[in-house]
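Below are the chains, spelled out letter by letter.
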Amino acid sequence: MLVIPAIDLKDGEAVRLYKGDYTQKTVYSSKPEDIAKNFEDMGADYLHVVDLDGAKNGTTTNLESIRKIRQAISIPMELGGGIRDIQTVSLYLDDVGIDRVILGTAAIENPQFLKEALKRYGSKRIVVGVDVKDGFVATSGWLVQTKTHYLEFLKELEKIGVEYIVCTDISKDGTLTGPSMGLYEDIYRNTSIQCVVSGGVKDDEDIYAVNEKGYYACIVGKAYYEGKVHLKEVIQCLRKE
């Protein structure tokens, strides 16, 4: 299983939000590229980056910070937040050198765009972010809750060829209360999609528990920044299995 450390960007800084609340922000660094390099030095095989301003506004506000992160590391990097047209997909994949992008709001509001991106770049480089609130998909930086149940949405994604999703239970994100294991088990049982577990990881044991379930990957954010996850040791331990 991949352990994927996360960097959330707001106004060019590395931050974390509490349950997706933009008013409850903790700033961890004004140089996110240094954090990225540190993750690589600790043995991370992949980096997860979210443009929070982009997720909220559909913009590329943090483009320069994203470029700096990409230039600072050699490991693969995935990026989500505000990617709502094929031009932005092309900017990040072809110009900036991002390895795969995560489509969230656009995937549910504009299925045709998702199909176009999949056709042009393939299912290994186009990932869908499925953000869940009370069982339903949320969009626009988690500010808008749809009437689409997450399993209904996932079955539609399967039909059009999506292979990978990043699934976040918004009620868990940034809370350090453990992942929503029931949610991920439901996805595992009912779909063939590879799921990246995101939100709520509080310690090393949570990561090991996700690994035991056989899921594709697990994102670690706040727990690392708060000193509750020993990232280097966990990565080394999982590699020995």
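Up top is the structure.
Attention here is on the structure that accompanies the text. What you see is a predicted model; the values in this text were computed from it and never measured.

**Examining the overall build of the protein chain**
When helices and strands are tallied, the protein chain shows 11 helices and 12 strands. For the protein chain, the C-alpha radius of gyration of 16 Å lies close to 18 Å, the compact-globule estimate for 241 residues. Along the three orthogonal principal directions, the C-alpha set of the protein chain runs to about 40 × 40 × 35 Å. The buried share of the protein chain, reckoned over its 241 residues, is 59%. Accessible surface computed for the protein chain: about 10200 Å², of which carbon and sulfur atoms make up 45%.

**Quick look at the side chain of Lys222**
Following the sequence through the fold, Lys222 ends up in helix 10 (residues 222-225). Those residues in contact with Lys222 that sit more than four places away from it in its chain are Arg16, Tyr18, Tyr28, Gly174 and Leu176.

**Topic: the packing of aromatic side chains**
For any pair of aromatic rings, geometry is given as the distance between the ring centres together with the angle between the planes. Counting across every chain of the model gives 7 aromatic pairs. When the ring of Phe39 is compared with that of Tyr225, the centres are 6.3 Å apart and the planes differ by 70°; the resulting orientation is edge-to-face. Of this pair, Phe39 sits in helix 1 (residues 32-41) while Tyr225 sits in helix 10; the two residues are 186 residues apart in sequence, bridging distant segments of the chain. The burial state of Phe39 is the same as that of Tyr225; both residues are buried. Of the aromatic side chains, those joined through ring pairs into one cluster are Tyr28, Phe39, Tyr224 and Tyr225. Positioned over the ring face of Tyr22 is Lys56, at 4.8 Å from the centre of the ring.

**Quick notes on the pairing of strand 2 (residues 13-18)**
Bridge count for strand 1 (residues 2-10) against strand 2 is 3 bridges, and the pairing is antiparallel. Considered in strand 2, the bridge of Lys10 is made with Glu13. Following strand 1, the chain reverses through 2 residues before pairing antiparallel with strand 2; Asp11 in that reversal takes a positive phi of roughly 55°. Hairpin geometry of strand 2 and strand 3 (residues 21-29) is characterised by an intervening segment of 2 residues between the two adjacent antiparallel strands and by a positive phi of about 55° at Lys19.

**Description of the pattern of salt bridges**
Summed over all chains, the structure comprises 15 salt bridges. Here Arg189 makes a salt bridge to Asp186, at a shortest N to O gap of 3.3 Å. Highlighted residues: Arg189 and Asp186, both in helix 8 (residues 181-190), separated by 3 residues, approximately one helical turn. Exposure remark for Arg189: the relative accessible area of 57% places this residue in the exposed category. Residues joined by salt bridges that share partners form a network here, namely Lys10, Asp11 and Asp53.

**Side note on the packing of helix 7 (residues 150-159) against helix 8**
To describe two helices that pack against each other, one gives the angle between their axes and the distance between the axes. Contact geometry of helix 7 with helix 8 gives a least axis separation of 11 Å together with a crossing angle of 40°. Looking at the two axes, helix 7 sits oblique to helix 8. Our pair here, helix 7 against helix 8, has a crossing hand that is right-handed. Contact with helix 7, carried on its side by Tyr150, Leu151, Leu154, Lys155 and Glu158, involves Leu183, Asp186, Ile187 and Asn190 of helix 8 and no other residues of that element. Within the contact of helix 7 with helix 8, the residues separate by chemical class into 5 nonpolar, 1 polar and 3 charged.

Reading guide: rules and limits
- Residues numbered from 1 in each chain as written.
- Predicted model: local features only at pLDDT ≥ 70, side-chain atom pairs only at ≥ 80, totals over all residues.
- Heavy atoms only, no water.
- Helix = DSSP H or I, 4+ residues; strand = E, 2+ residues; numbered from the N terminus.
- Rg over C-alpha atoms; globule rule 2.2 N^0.38 Å.
- Buried < 20%, exposed > 50% of the residue type's maximum accessible area, 1.4 Å probe, protein only.
- Areas by Shrake-Rupley, 256 points an atom, 1.4 Å probe, with all protein chains shown as cover.
- Contact = heavy atoms within 4.5 Å.
- Phe/Tyr/Trp six-rings, centres within 6.5 Å; stacked < 30°, edge-to-face > 60°.
- Lys NZ or Arg CZ within 6 Å of the ring centre and 35° of its normal.
- Pairing = 2+ DSSP bridges.
- Salt bridge = Lys/Arg side-chain N within 4 Å of Asp/Glu carboxyl O.
- Axes fitted to C-alpha atoms, helices over the stretch in contact; angles between N-to-C directions.
- Parallel < 35°, antiparallel > 145°, perpendicular 65-115°, else oblique.
- Left-handed = near helix turned anticlockwise from the far one by under 90°.
- Nonpolar A, V, L, I, M, F, W, Y, C, P; charged D, E, K, R; others polar.

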